[in-house]
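Residues per chain, in single letters:
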Number of protein chains: 2
Amino acid sequence: MSYQPPVRDHVFLMRDVLEIEKYSNLPAFAEVSFDLVEQILEGAAKFTSEVLAPLNSVGDKHGCVWSQDNTVKTPPGFKEAYKQLTEGGWTSLGSDPAYGGQGLPHVVNLAFSEMSSSANMAFSMYPGLAHGAYSAIHEGGSDEQKQLYLPKMVSGEWTGTMNLTEPHCGTDLGLLRTKAVPQADGTYRITGQKIWISAGEHDMADNIIHLVLARIEGAPAGVKGISLFIVPKYLPDADGNPGERNSLVCASLEEKMGIHGNATCVMAYDEAKGFLIGEENAGLKIMFVMMNEARLGVGMQGLAQGEAAYQAAAAFAKDRLQGRSLTGPKNPDGPADPIIVHPDVRRMLMESRAVLEGGRAFLFWTALHGDLSHGHPDEAVREKSGDYMGLMTPVLKGFLTDKGFDICSTAMQVHGGSGFTEHFPVSQYLRDCRIALIYEGTNGIQALDLVGRKLAAKGGRAVMSFFAEVDAYVADNAADTELKPFVDALAGAKAQLQEATLWLMQNGLQNPDNAGAASTDYLHLFGLTGLAYMWTLMARVAQGKIAAGDTDPFYATKLVLARCYMERILPDTAAHLAKLKTGSATLMSLPAEAF
Amino acid sequence: MSYQPPVRDHVFLMRDVLEIEKYSNLPAFAEVSFDLVEQILEGAAKFTSEVLAPLNSVGDKHGCVWSQDNTVKTPPGFKEAYKQLTEGGWTSLGSDPAYGGQGLPHVVNLAFSEMSSSANMAFSMYPGLAHGAYSAIHEGGSDEQKQLYLPKMVSGEWTGTMNLTEPHCGTDLGLLRTKAVPQADGTYRITGQKIWISAGEHDMADNIIHLVLARIEGAPAGVKGISLFIVPKYLPDADGNPGERNSLVCASLEEKMGIHGNATCVMAYDEAKGFLIGEENAGLKIMFVMMNEARLGVGMQGLAQGEAAYQAAAAFAKDRLQGRSLTGPKNPDGPADPIIVHPDVRRMLMESRAVLEGGRAFLFWTALHGDLSHGHPDEAVREKSGDYMGLMTPVLKGFLTDKGFDICSTAMQVHGGSGFTEHFPVSQYLRDCRIALIYEGTNGIQALDLVGRKLAAKGGRAVMSFFAEVDAYVADNAADTELKPFVDALAGAKAQLQEATLWLMQNGLQNPDNAGAASTDYLHLFGLTGLAYMWTLMARVAQGKIAAGDTDPFYATKLVLARCYMERILPDTAAHLAKLKTGSATLMSLPAEAF
């Protein structure tokens with residue numbers, strides 16, 4: 001069975017858990033009825049499962065092909081699918097109506113992105129990167145730049161890229177060497193080599209708008225001397241159409257473990273014409289706007305690959321006949337029982353799903369806060385939602401990609417030997433998923449961003465606000481005996497997260513190495529607690545539906561998965577707390593040569 | 001830096017921790033002085049790092065090539081390396097001197113196997129499978145069969161395979177269909193298709209001895225009707241040399257995620273001539289002798305890939321300059337500090353190493369019990385050691401492959417984006433390692449073997465014996481204040497394992513689904529406790545050396561790693577205990593269609 005987009009779960013989250021219909025006073029929500037949202041989701045499901053999913057394996061097997069003339073041919077079918085993507089308006093869902101976008105809520109766009117990424121991650125990165133570049137220009141570009149570039153990026157006629165990394169410089173952008181020489185006409189000549197540029201060259205769009213970080217001659221050293229430039233593959237002519245070819249090329253493609261359908265390019269800029277975005281030496285700030293959006297998207301990719309892999313594993317487990325149930329045959333007329341009768345197989349599937357559905361809820365909940373942070377009329381709500389977006393972005397990126405990869409591996413395990421062969425889809429999901437733990441800032445960098453920046457920002461306002469929200473929820477629901485097991489588990493996790501936060505405040509300030517040593521365990525403790533909150537919210541809705549007489553088995557299943565989460569996933573919080581409280585002394589006590 | 005075999009650690013384990021020199025009263029140990037063992041290890045290190053390691057990436061990139069004439073060409077260099085392997089006598093280390101083997105202790109052979117597998121897992125599987133086939137014939141073959149086949153398998157002139165799996169039948173061998181028709185001359189005609197046959201066809205040896213499970217016409221259904229046959233590629237002639245070509249072929253090769261250098265074959269037997277090993281319908285018993293040996297070897301493969309990946313990550317972390325230490329520059333004259341200054345990078349490396357070195361100790365400790373179970377003059381020792389071998393085999397297979405894969409993934413994470421490219425070795429380690437969680441019985445099957453068979457065997461004698469040994473060790477060392485943190489941690493883990501064991505005895509008998517649901521968490525709890533024991537043993541030796549004035553930093557490093565294990569790995573025991581005690585109710589409460 002091929003990938004089936006989880007529209008039912010998306011509807012449940014948006015309508016019943018997040019109740020997005022409440023927000024019709026917000027611009028993005030005002031113009032979409034929930035019926036329309038459902039129609040969009042159904043259309044997205046059809047497009048992604050029928051057009052993108054069948055090309056996933058094609059992309060993996062064919063990969064992208066680079067030629068001596070520096071062109072890149074995408075896998076068979078990608079170009080046609082991209083055309084359908086743009087014609088269907090799927091590139092413009094979440095974009096600004098001022099530039100031809102549909103202006104839908106971020107959370108709706110994210111649901112489409114999840115389906116698209118589950119169906120074909122390598123393909124989805126082309127419009128994904130384009131949307132990142134759109135966001136940076138939208139954030140920092142001049143009106144003229146916006147008018148020139150954004151409409152064609154929104155329509156998908158043009159795509160875009162982010163050029164940060166150089167061979168000697170990945171995480172540490174201060175080491176960046178690509179240089180920009182100012183010209184008399186106000187433009188710049190950009191020279192340097194960038195590596196790992198996803199979607200850097202391809203044959204699907206009329207133009208590619210590269211956003212390039214470079215150092216203007218004479219700029220300060222380190223991160224304070226980095227500027228951001230628009231460097232189009234074809235320089236727009238007077239009519240705004242692709243004109244003269246700029247002097248930049250894709251010098252080669254990277255050989256990678258996965259995402260073979262996406263062109264990961266070495267880009268060579270040789271006095272290419274570039275246009276400054278925003279102020280000189282202030283490029284990183286704009287790039288980080290784009291990066292933060294991208295990070296949430298990468299968390300979603302981890303989830304999306306996990307979801308696709310889970311579905312493949314569940315289908316396999318229902319189909320594969322092997323052995324008998326420990327409690328007597330369940331398929332007595334067949335040669336054996338389907339392996340889903342085995343508790344350990346169910347454990348693998350249900351643990352995966354408990355993380356996936358909790359993770360999706362956390363992602364959507366955060367994306368909704370993104371919408372509220374921009375559009376809510378109440379400044380206090382905007383502030384709180386903005387805080388949450390900042391705080392949860394590294395948590396979601398790190399937690400969901402770590403877990404997504406584990407789930408892909410678990411799905412392979414359910415398949416047994418079949419999973420290791422390339423005849424089944426799960427090897428590709430695992431290989432594709434693996435990059436999500438690395439790009440847009442490795443998960444270690446996410447953890448440092450969380451403990452070093454996001455926690456401390458504004459005196460810890462964001463995390464205190466989250467604790468207060470959970471405390472209030474726990475207090476409000478203390479009397480609900482049905483919900484008690486979930487509320488108690490949530491309260492326990494939150495107490496541990498709070499203890500860890502206090503430990504970090506006391507010990508991380510004293511010695512920053514303690515914060516670094518604790519960071520990854522803290523991030524996971526945070527993610528686990530966030531999902532416990534989501535599962536409690538979902539359990540309450542499901543109980544309410546059942547109490548009201550709704551017999552859709554969807555709700556009974558949700559309750560079982562909520563229990564599974566509390567019983568089999570959440571106990572890890574205590575281990576993370578114990579580990580992080582051991583501090584950095586042992587880790588730092590070996591000299592480098594002992595490694 | 002390329003792979004460096006951990007000879008120092010091997011020597012430490014064998015000489016100082018396991019004190020194998022004590023066992024010179026055993027036949028296998030009598031003829032090897034420890035000096036000779038060290039020479040063998042040094043020679044093994046040289047051969048594996050200089051000959052096998054350079055071919056690892058070659059094997060991955062070229063793979064094996066199948067031709068229409070059903071031949072398989074191994075990757076460039078493999079054939080020559082195989083010749084060197086046999087000429088160096090490396091195929092015969094652990095084999096019976098009666099057939100030309102060197103009769104070395106199993107634990108010494110395992111050290112060689114680890115190096116060989118770290119250097120080139122795909123290559124090492126050819127002699128590895130041959131040794132498995134050797135063991136089965138050695139266990140169950142007639143004298144005539146042994147004389148005919150074993151010397152050439154020991155010398156490496158011939159290799160061997162294990163043929164179990166069929167398309168519809170992997171774990172559940174009772175479904176096996178390959179048939180054997182008795183002939184007037186006492187031989188059989190074997191017909192059927194076998195899949196996933198590692199090393200099933202290749203160009204490195206003069207003959208391939210296939211061991212094939214098949215059902216003799218009229219045999220009982222299920223596992224009670226399975227017999228084991230020798231089915232040589234070339235039938236030995238009167239002089240014992242390869243003669244007539246038997247009617248079996250490699251019909252195709254499997255496309256896989258990793259181990260590309262090993263030929264994973266679909267084997268087609270078309271009335272091939274086969275020779276029964278042992279009794280009719282008693283083939284599984286012999287196959288399981290071979291399988292148990294293979295399972296320990298697969299646990300070692302998980303460890304070996306983890307070790308190689310760790311080494312690559314450590315070298316990268318010392319070399320890659322990026323960012324500055326949180327506590328001020330450590331490489332002030334350079335553009336940035338090496339990333340090993342960062343606590344989270346050290347955490348990844350040290351946690352990996354704490355598992356690897358503890359895992360290696362547990363593996364060697366168990367292998368030594370294998371030696372004692374065969375050769376010790378005291379029957380009580382033989383019995384206890386045999387119990388341990390049986391009990392620990394599934395633990396080591398499951399735990400070390402799960403952890404080995406995690407370590408490969410962690411090593412990729414240390415590499416950042418470089419790790420995802422195929423220019424660095426870690427993607428191959430990760431992809432190659434992944435099969436070890438699946439073959440020779442998936443890790444789920446190992447967990448079931450542990451809770452369903454090994455725990456209960458002989459009234460739980462094996463596990464009780466292990467608990468008593470740990471209790472005695474804890475009591476004996478209770479007064480050692482230096483060792484106290486380790487002893488206390490060990491005692492805590494053992495108490496949790498005992499509690500879990502009791503829970504299983506009470507709840508697993510009542511309802512076998514509870515045992516199944518608990519099995520994987522129980523296996524991991526067991527593995528963690530076993531490693532805690534090993535780290536306590538190693539810490540005591542290291543402390544003793546330091547107290548005696550030995551200034552080799554090796555010992556100080558061991559103590560730091562022992563602390564790291566107790567602080568950052570062992571806390572997972574409580575989570576496993578909590579999870580397994582939730583039983584099977586939640587897992588079993590969903591109907592199959594809810595998945």
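Every value quoted in this text rests on a predicted model; they were computed, and no experiment measured them.

1. Observations concerning the overall build of chain A
- Helix and strand counts for chain A come out as 20 helices and 11 strands.
- Whereas a compact globule of 595 residues would reach a radius of gyration of roughly 25 Å, chain A reaches 24 Å, a difference of no more than 12%.
- Across its three principal axes, chain A shows a C-alpha extent of roughly 80 × 60 × 60 Å.
- Intrachain contacts of chain A at a sequence separation of at least 6 include 73% that bridge at least 24 residues.
- With 49 positive and 68 negative side-chain charges, chain A shows a separation of 4 Å between the mean positions of the two kinds.

2. Focus on the nonpolar core
- Counting 410 residues, the largest nonpolar core has Tyr522 of chain A together with Tyr522 of chain B as the members making the most contacts within it.
- Every residue in contact with Tyr522 of chain A, bar those within four places of it in the chain, is listed here: Leu450, Val451, Leu455, Val463, Leu497, Ala500, Thr501, Leu504 and Leu580 of chain A.

3. Looking at the environment of Ile340 of chain A
- Among the secondary structure elements, Ile340 of chain A is positioned in the loop between helix 9 (283–319) and helix 10 (343–375).
- Put simply, Ile340 of chain A and Ala313 of chain A are 27 residues apart on the chain and 9.9 Å apart in space, counted from C-alpha to C-alpha.
- Apart from the residues within four sequence positions on either side, Ile340 of chain A is in contact with Ala317, Lys318, Val345, Arg346 and Leu349 of chain A together with Ala592 and Phe595 of chain B.

4. A few points about helix 13 (residues 426–434) of chain B
- Burial runs high along helix 13 of chain B: 9 of the 9 residues are buried.
- By the burial criterion, the buried members of helix 13 of chain B are Val426, Ser427, Gln428, Tyr429, Leu430, Arg431, Asp432, Cys433 and Arg434 of chain B.

5. Considerations on the packing of helix 15 (residues 457–476) of chain B against helix 17 (residues 512–547) of chain B
All names here are of chain B.
- Remark: helix 15 packs on helix 17, axes separated minimally by 12 Å, with the N-to-C direction vectors making an angle of 35 degrees. Seen from above, helix 15 lies across helix 17 with left-handed handedness. Facing helix 15, whose interface residues are Val463, Phe466, Glu469, Val470 and Tyr473, helix 17 presents Tyr522, Phe526, Gly530, Tyr533, Thr536, Leu537 and Arg540.
- Residue composition of the contact of helix 15 with helix 17, grouped by class: 8 nonpolar, 2 polar and 2 charged.

6. Some words on the pairing of strand 4 (residues 179–182) of chain B
Residue and element names in this part refer to chain B.
- Here strand 4 pairs with strand 5 (residues 188–198) via 4 bridges, running antiparallel. Its bridge partner being in strand 5, Ala180 is matched across the sheet by Ile190.
- If you look at the hairpin formed by strand 4 and strand 5, you'll find 5 residues sitting between the two strands, and Gly186 has a positive phi there, around 90 degrees.
- Taken together, the 2 bridges between strand 4 and strand 6 (residues 207–216) define a ladder with parallel strand orientation. Residue Ala180 lies in a different strand from strand 6, and its bridge partner there is Ile216.

Conventions adopted
Residues numbered from 1 in each chain as written. Chains lettered and ligands numbered in written order. Predicted model: local features only at pLDDT ≥ 70, side-chain atom pairs only at ≥ 80, totals over all residues. Heavy atoms only, no water. Helix = DSSP H or I, 4+ residues; strand = E, 2+ residues; numbered from the N terminus. Rg over C-alpha atoms; globule rule 2.2 N^0.38 Å. Contact = heavy atoms within 4.5 Å. Lys, Arg positive; Asp, Glu negative; His and termini not counted. Charge placed at Lys NZ, Arg CZ, Asp CG, Glu CD. Core = buried A, V, L, I, M, F, W, Y, C linked by side-chain atoms within 4.5 Å. Buried < 20%, exposed > 50% of the residue type's maximum accessible area, 1.4 Å probe, protein only. Axes fitted to C-alpha atoms, helices over the stretch in contact; angles between N-to-C directions. Left-handed = near helix turned anticlockwise from the far one by under 90°. Nonpolar A, V, L, I, M, F, W, Y, C, P; charged D, E, K, R; others polar. Pairing = 2+ DSSP bridges.

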